[in-house]
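Structure at a glance
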Amino acid sequence: PDVSFRDLGAHQLKNLSRPELIFQLVAPDLPSDFPPLRTIDRRHTNLLVPVNELIGRTREVAEVVKLLQENTRLVTLTGPGGTGKTRLSLQIGAELLERYADGVWFVDLSPVSDPEQIPIAIAQVLGIPESPDRPIRDGVLRWVHERQALIVLDNCEQIIAGIANLVAAMLRGAPKLHILATSRIPLRIAAEQEYAVEPLGLPDPSALPVLEQLSQYDAVALFITRARAVRADFNITNTNAPAVAEICVHLDGLPLAIELAAARIRLFSPEQLLSRLLSARMQTLVGGARDLPARQQTIRAAIDWSYRLLTPAQQTLLARLGVFVGGWTLEAAEAVCGDNQVDVLVEIDTLVEHSLVQVIDTSDIRLYGMLETIRMYAVEWLRASSEFPVIQQHYAQYFVRSAEAIEPKLRTSQQVMWITRLESLEANLVAVLTWAHAGQQTDHARRELGLRLANALWLFWLIRNRIYDARIWLTADWADDPSLSGQARARTIVVRELTIGWFEGIRSYRRWLTKEGLAFVRANADTTTLVMALADLTFFKTQLVSNVAVEYAHECRQLASSVTDPWVRAYAQLGYGATTYFAHGHTNEGIDALRVGFDLIQQTQERWLSVCAAWTLGIAWLAHREYVNAKQVFLLNLQLCDELALQIGRTYALWGLGIVAVNEADFKQAYVYQAQHIQAELAVGNVTSGFFSNICASECAQVLGLFTLARQHLTQAE
């Protein structure tokens, strides 16, 4: 750094010989515009002045500097190729120049492949002469013995064992020595503090900040800076900002990948560049600066550097893992990628150590994953192998089996946990559905896997409000393909009604669970699926003709007695209660049945059907003017919706509580509930309900004498 004379350490004064610095000694009070004087003593460092400014990494620099200042003897910067470990180490070394009396020294080990050459490379940097009387290793150990120095060892991974051995010896014999290493693999010695260098900070493309704040994300700032280096007139605008953000996200925030992409701005607009990255990432990310090492001139070369350090079994596993999209469990990796050739449990740990696979700790399960750029590299190897179709088939079969095993667990007290599990694997599930549907019409086995997976995900989609996914996959052409099994297609008719019908109401009933659709279900489905179909027709479709609805309700309750799943039995009871109460007018019998169904589902501690049951029973209590009971179940409804993050259900609960408060003449509380209901309805995009809620809120405000507030709500309603 450029510092004034007053900041120079005493250890530097003896070496000052440049005229400018002597002048500084005798004339310290220079004018403010005097050119800054460089005070790096070339005999105490070989750090080069970086050509480009370091973008971001302020936190990382501060944290590693603190570790070294607190006397951590060895810090190893780890991370996959392209994360900027070398550039970060140079900045850290520059920050610490004043701390080390005997200098900061940078040793590039990337050209070294023979462990015997390691001490020679270090000795050349430190200026240690070779001697016929002693090995060069001994000369290095003697040099560091009493010196207060920081040695930066860059690119250690290809000679990791030799480096670890030498570093351990250096630290044992030199109490004032600190070492900063960069490596894709930790050294694994006692003194080591590993520091993982993460990708740069990224924006959320689905919720971009205002233009002025976008460049505050380090990945975006790096892209802009490097793009302007090749096109001085490049600016980020409201038009190209989404594409720039998407580029940075698709490149995982990897500095090298972003720099290579930004260099392409000379040829493409951000939108065109994004399109090319999605279709040909490896071919696009080439053309790094000629003065960079070869491994940094293309993204493929950067990953090749790590790939070549792997054993054949590890290379095979890396390629096979490319089939996964998003996160995966160890169990999934073993089921899809393991065989006599590859022991996943043994080899995956090495891939993690080499920074090619990441460990993702969630609240309930450990997942593994790869940066998308590394995954695309792995996919290239997988597609080039003869085993790609087999691995893809194993992959699809595993996730279909897993989803089918999880589906009944979504109807238990562990509902939230299993929903979270599916969310963590959702990218893989969508990938399997896409692969299955892309198959030829004659590939019946492949298409049936997709249909089975869609059937298994219905409740997950319903609870998480994934209406788009439900519409796409449950109405795809395979649902009506006569070449697929009748049981799977019958199941689709039912779950399609249960999901899309829930979202769209009575309109969807006319499309699927028609008389013919129900007949097909009766002929092909198991008893549980038939009960669910009948329960849906009675619980949610009470607009049916009364005698038909009651007929279905009786059949549903009778069939449910042979079903072991308490969730399905409760669903049948609720359907019977809803029909007899709302459609047939048997109010007492209907309320009793609803209470039985409500109590039964409460015993399971499941949440989603409990929300439906509480809502239905609450409406019945309102009609009976049993406001205390109605309030109790609506409050429970609200609590369950919050636990399940069920936004639509929350709107119903707030509406019910508002009606109860009005009928209890508690207009202040009624207004609070109505105001919350307005916000909840608008949050889920229900403008029509928001209109009526504003009317109700206005009326409550008028009763309270809050006429200005009442007028505001009427204005919003208008």
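Residues numbered from 1 in each chain as written. Predicted model: local features only at pLDDT ≥ 70, side-chain atom pairs only at ≥ 80, totals over all residues. Heavy atoms only, no water.

1. Comments concerning the confidence of the model for the chain
This is how the line gets drawn: One number per residue, pLDDT, summarises how confident the predictor is, and it ranges from 0 to 100. Working rule for contacts: check all heavy atoms of both residues, and any pair within 4.5 Å makes them a contact.
Chain-level statistics for the chain give a pLDDT mean of 86 and a share of 89% at 70 or above. With pLDDT under 50 throughout, residues 1-43 is counted as low confidence; its partners more than four residues away or in other chains account for 44 contacts.

2. As for the packing of aromatic side chains
Selection rule: Working definition: a ring pair exists when centres of Phe, Tyr or Trp rings (six-membered ring for Trp) sit within 6.5 Å. Plane angles under 30 degrees give stacked, over 60 give edge-to-face, the rest tilted. In DSSP terms, a helix is any run of H or I states spanning at least four residues, a strand is any run of E spanning at least two, and both are numbered starting from the N terminus.
Evaluated as defined, the whole model comprises 15 aromatic pairs. Between Trp458 and Trp567, the ring centres sit 6.4 Å apart and the planes meet at 70°, which makes this aromatic pair edge-to-face. Here Trp567 lies in helix H30 (residues 566-583) and Trp458 lies in helix H23 (residues 458-463), a separation of 109 residues in the sequence. Arranged with centres 5.3 Å apart and planes meeting at 65°, the rings of Trp567 and Tyr571 form a pair that is edge-to-face. Placement of the pair is Trp567 and Tyr571 together in helix H30, with a separation of four residues, close to one helical turn.

3. Quick look at the packing of helix H5 (residues 118-126) against helix H6 (residues 136-144)
Put simply, the test is: In this description, a line fitted to the C-alpha atoms serves as the axis of each element, helices being fitted only across the stretch in contact, and the angle between N-to-C directions of two axes falls anywhere from 0 to 180 degrees. Our angle categories are set so that under 35 degrees counts as roughly parallel, over 145 as roughly antiparallel, 65 to 115 as roughly perpendicular, and the remainder as oblique. Two helices that cross are described as forming a left-handed crossing if the nearer one is turned anticlockwise from the farther one by less than a right angle, and a right-handed crossing if clockwise. Polar here means any residue outside two lists: the nonpolar Ala, Val, Leu, Ile, Met, Phe, Trp, Tyr, Cys and Pro, and the charged Asp, Glu, Lys and Arg; Gly therefore counts as polar.
At a minimum axis separation of 9 Å, H5 and H6 run at an interaxial angle of 50°. Between H5 and H6, the interaxial angle falls into the category oblique. Crossing of H5 over H6 shows left-handed handedness. Counted together, Pro119, Ile120, Ile122, Ala123 and Leu126 of H5 and Ile136, Arg137, Val140 and Trp143 of H6 form the full contact between these two elements. Taken together, the residues that form the contact of H5 with H6 break down as eight nonpolar, no polar and one charged.

4. Points about the environment of Leu317
Note the threshold: The classification of residues rests on relative accessible area computed with a 1.4 Å probe and restricted to protein chains. Under 20% of the type maximum is buried, over 50% is exposed, and intermediate values are partly exposed.
For Leu317, the position within the fold is in helix H15 (residues 312-321). A residue is classified by how much of its surface remains accessible, and Leu317, at 0% relative accessible area, is buried. In the structure, Leu317 is positioned 26 residues away from Asp343 in sequence and 8.7 Å away in space, judged by C-alpha atoms. Leu317 has contacts with Cys337, Val342, Val344, Glu347, Ile348 and Leu351, leaving out every residue within four places of it along the chain.

5. A look at unusual backbone geometry
Not every positive phi belongs to a glycine, and Arg57 is a case in point at roughly 65°. On the secondary structure map, Arg57 appears in the loop between helix H2 (19-26) and helix H3 (58-69).

6. What about the nonpolar core?
How we decide: To form a nonpolar core, buried Ala, Val, Leu, Ile, Met, Phe, Trp, Tyr and Cys residues must be joined to one another through side-chain atoms within 4.5 Å.
Within the largest apolar cluster, 169 residues are counted, with the highest numbers of intra-cluster contacts made by Phe223, Leu321, Phe324, Trp328 and Trp608. Counting residues per element, this core draws most heavily on helix H32 (residues 608-623), at ten residues. For Leu321, the residues in contact, after removing those within four places along its chain, are Trp328, Ala333, Cys337, Leu351, Val357 and Met370. Within the second largest apolar cluster, 33 residues are counted, among which are Trp143, Ile151, Leu153 and Ala168.

7. Details of the side chain of Thr284
Tracing the backbone through its elements, the reader meets Thr284 in helix H13 (residues 281-284). Since its relative accessible area comes to 2%, Thr284 is described here as buried. Excluding its chain neighbours within four sequence positions, the residues that come into contact with Thr284 are Arg264, Leu273, Arg276 and Leu277.

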